[in-house]
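Summary of structural features
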Amino acid sequence: MKMTFRWYGPKDSITLRDIRQIPGMTGVVTAVYDTPVGTVWSRESIAALSAQCKEAGLEMEVIESVPVHEDIKLGRPTRDGLIENYCETVRRLGEVGVKCICYNFMPVFDWLRTNLHTEAADGSNSLSYRHEEILALDPKHLSLPGWDESYTPDELQDLLAAYEGMTHETLFGNLVYFLERVIPVCKEAGISMAIHPDDPPWDVFGLPRIISCAEDYERLFAAVPDNENGITFCTGSLGAGRENDLVKMAYDYAKRGKIHFAHIRNIEYANDLDFRETGHLTAGGSLDIYGIVKALVEGGFTEYVRPDHGRNIWGEDGKPGYGLFDRALGACYLNGLFEAIEKGEKNK
Ligand code: DNO
């Protein structure tokens, strides 16, 4: 396992030096943030980012994300040019030693939460989701916490209209179309693609979501069987789906070499759909983090891990989910679990 930490580039209030001081940290997970979705990342930007990381003593082997343009998800005629741009970015990332690209194929929205500062009894706060609040929203006039508002209300309206009637099958077909063109380039570049699951793992605002459960993964692996077509195993996202057996999935997909990247965090269930993000420990939430790590190790997992979303603690007011302190605690906990379980395995 290689422990990494998400870093939002030079504009992040958390420095590479901060990250380097977390015990056991081998690298950062980052991206070029100044390039519009769909355009090729410049060699200069990639090289500058990679040089900064190296100088700080950290690897830059994982990129999260190279975002997929909506026209690719929609299967519009412009997709071929956009996919070629994506492929060129992949080639350039391969040149500086990137090994894994995390991306998602969720229409319009990435992760969704209804509150970014839900206070816990201990005075910490974290992100939470209440389905009723989502249902009460009009997606055409959105004001969601964390929503990046990269679309104007008119653009959002056009985009949502373009997705009207889009089935899960069509969206999945568009993902396969994309992967069939990108994976051969990844093979040459020495890079694996790691799709991030839907968060939460169900349809929102009537938009189809296709990477939410074991059945979806089987369909994905069958359609594009190459090793480079893998996943980001995100425990918090998948774990929100009460029917997902995370221990079983972790073991099974690790064994098959499909997990290129793991995002590990815990959540606490409120009712059938609602949840609140917690600290990383098993005891803090509803997911069996110990069981999941054990399953990964027993499945032979040796790839990248990052502590996912943390709470705001000790007075920090970090980027939602991405403060320094709680993620650093999470990294230490996860390192401890991995060390104990890996050594236990060896001594068996
Ligand atoms: C949220 C993240 C996601 C993830 C993208 C990958 O905290 O895990 O935004 O980066 O879905 O494309």
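What this report covers is the structure whose coordinates are included nearby. These numbers were taken from a predicted model, which means no experiment stands behind them.

**Some thoughts on the overall build of the protein chain**
Regarding its fold elements, the protein chain presents twelve helices and twelve strands. Against the globule reference of 20 Å for 348 residues, the protein chain gives a C-alpha radius of gyration of 19 Å, in line with a compact fold. In terms of overall dimensions, the protein chain has a C-alpha envelope of 55 × 45 × 40 Å along the principal axes. Taken over 348 residues, the protein chain has a buried fraction of 56%.

**Quick word on the side chain of aspartate 308**
Looking at the element boundaries, aspartate 308 is found in the loop between β12 (304-307) and α12 (325-346). The class for aspartate 308 is buried, based on a relative accessible area of 1%. At 3.4 Å, the side chain of aspartate 308 and the side chain of tyrosine 322 are in polar contact. Dropping the residues within four chain positions of it, aspartate 308 is found in contact with Cys234, His263, Ile264, Arg265, His280, Tyr322 and Arg327.

**What about helix α11 (residues 289-298)?**
Of all ten residues in α11, seven are buried; the element is thus mostly enclosed. Listing the buried residues of α11 in full gives Ile289, Gly291, Ile292, Val293, Ala295, Leu296 and Val297. In this structure, the buried residues of α11 make contact with β8 (229-234), α9 (235-239), α10 (246-255), β9 (259-264) and α12. One or two positions beyond α11, positive phi appears at glycine 300, with a value near 90 degrees.

**A word on the sheet that holds strand β10 (residues 267-269)**
In spatial order, the strands read β5-β6-β11-β10; together these four strands make up an open sheet with antiparallel pairing. Where the open sheet ends on each side, the last strands, each with one partner, are β5 (115-119) and β10. Averaged over all neighbouring strand pairs, the angle between strand axes comes to 35 degrees, with direction disregarded. Two strands pair when backbone bridges link them, and strand β6 (residues 125-129) and strand β11 (residues 275-277) are joined in this way by two bridges, in the antiparallel orientation. Counterpart to tyrosine 129 in the pairing with β11 is phenylalanine 275.

**Some remarks on the site of the ligand**
Contacts to the ligand come from 14 residues, most closely from Glu64, Ser65, Asp110, His309 and Tyr322. Residue arginine 6 places a side-chain N or O atom 3.4 Å away from an oxygen atom belonging to the ligand. Measuring from an oxygen atom of the ligand, one finds a side-chain N or O atom of tyrosine 322 at 2.6 Å. Isolated, the ligand exposes 330 Å² of accessible area, and the fraction of that covered by the protein chains is 96%. Its residues assigned to classes, the shell around the ligand shows five nonpolar, five polar and four charged.

**A closer look at the pattern of salt bridges**
For the structure on display, the rule yields 30 salt bridges. Between aspartate 252 and arginine 256 there is a salt bridge whose closest N-O contact spans 3.2 Å. Judged by relative accessible area, arginine 256 falls into the partly exposed class, the value being 34%. Residues arginine 265 and aspartate 308 are paired through a salt bridge, measuring 2.9 Å at the closest nitrogen-oxygen approach. Here arginine 265, found in the loop between β9 and β10, pairs with aspartate 308, found in the loop between β12 and α12; they are 43 residues apart in sequence, far enough to count as distant. What makes arginine 265 buried here is its relative accessible area of 1%. Counted as one network, the salt bridges with shared partners bring together Arg6, Glu64, Arg113, Asp199, Arg265, Glu277, Arg306 and Asp308.

**Looking at the packing of aromatic side chains**
On inspection of all chains with the given rule, the structure shows twelve aromatic pairs. Ring geometry for tyrosine 103 versus phenylalanine 178: centroids 5.9 Å apart, planes at 55 degrees, classification tilted. Taken as a pair, tyrosine 103 in strand β4 (residues 100-103) and phenylalanine 178 in helix α7 (residues 168-189) lie far apart in primary sequence, 75 residues in all. Of the two residues examined, tyrosine 103 and phenylalanine 178, each falls in the buried class. By the ring-pair criterion, three or more aromatic residues cluster together here, those being Tyr86, Tyr103, Phe105 and Phe178. The ring of phenylalanine 172 has arginine 219 sitting right over it, with the charged end atom 4.0 Å from the ring centre. Seen from the ring of tyrosine 8, lysine 319 lies directly overhead, with NZ or CZ sitting 4.4 Å from the centre.

**Here we look at the pairing of strand β3 (residues 59-64)**
Of all six residues making up β3, five are buried, and the element is well covered by its neighbours. Judged from the three bridges that link them, strand β2 (residues 27-30) and β3 form a sheet pairing that is parallel. Looking at β3, one finds that threonine 30 is bridged to isoleucine 63. Viewed along the sheet, the connection from β2 through helix α2 (residues 43-55) into β3 turns out right-handed. Sheet analysis places β3 next to β4, joined by three bridges and oriented parallel. Within β4, the position partnered with glutamate 64 by the bridge is cysteine 102.

What counts and how
- Residues numbered from 1 in each chain as written.
- Predicted model: local features only at pLDDT ≥ 70, side-chain atom pairs only at ≥ 80, totals over all residues.
- Heavy atoms only, no water.
- Helix = DSSP H or I, 4+ residues; strand = E, 2+ residues; numbered from the N terminus.
- Rg over C-alpha atoms; globule rule 2.2 N^0.38 Å.
- Buried < 20%, exposed > 50% of the residue type's maximum accessible area, 1.4 Å probe, protein only.
- Polar contact = N/O pair within 3.5 Å; in protein donor to acceptor, adjacent residues only side chain to side chain.
- Contact = heavy atoms within 4.5 Å.
- Pairing = 2+ DSSP bridges.
- Axes fitted to C-alpha atoms, helices over the stretch in contact; angles between N-to-C directions.
- Near = heavy atom within 4 Å.
- Areas by Shrake-Rupley, 256 points an atom, 1.4 Å probe, with all protein chains shown as cover.
- Nonpolar A, V, L, I, M, F, W, Y, C, P; charged D, E, K, R; others polar.
- Salt bridge = Lys/Arg side-chain N within 4 Å of Asp/Glu carboxyl O.
- Phe/Tyr/Trp six-rings, centres within 6.5 Å; stacked < 30°, edge-to-face > 60°.
- Lys NZ or Arg CZ within 6 Å of the ring centre and 35° of its normal.
- Right-handed = clockwise from strand over helix to strand, strands pointing away.

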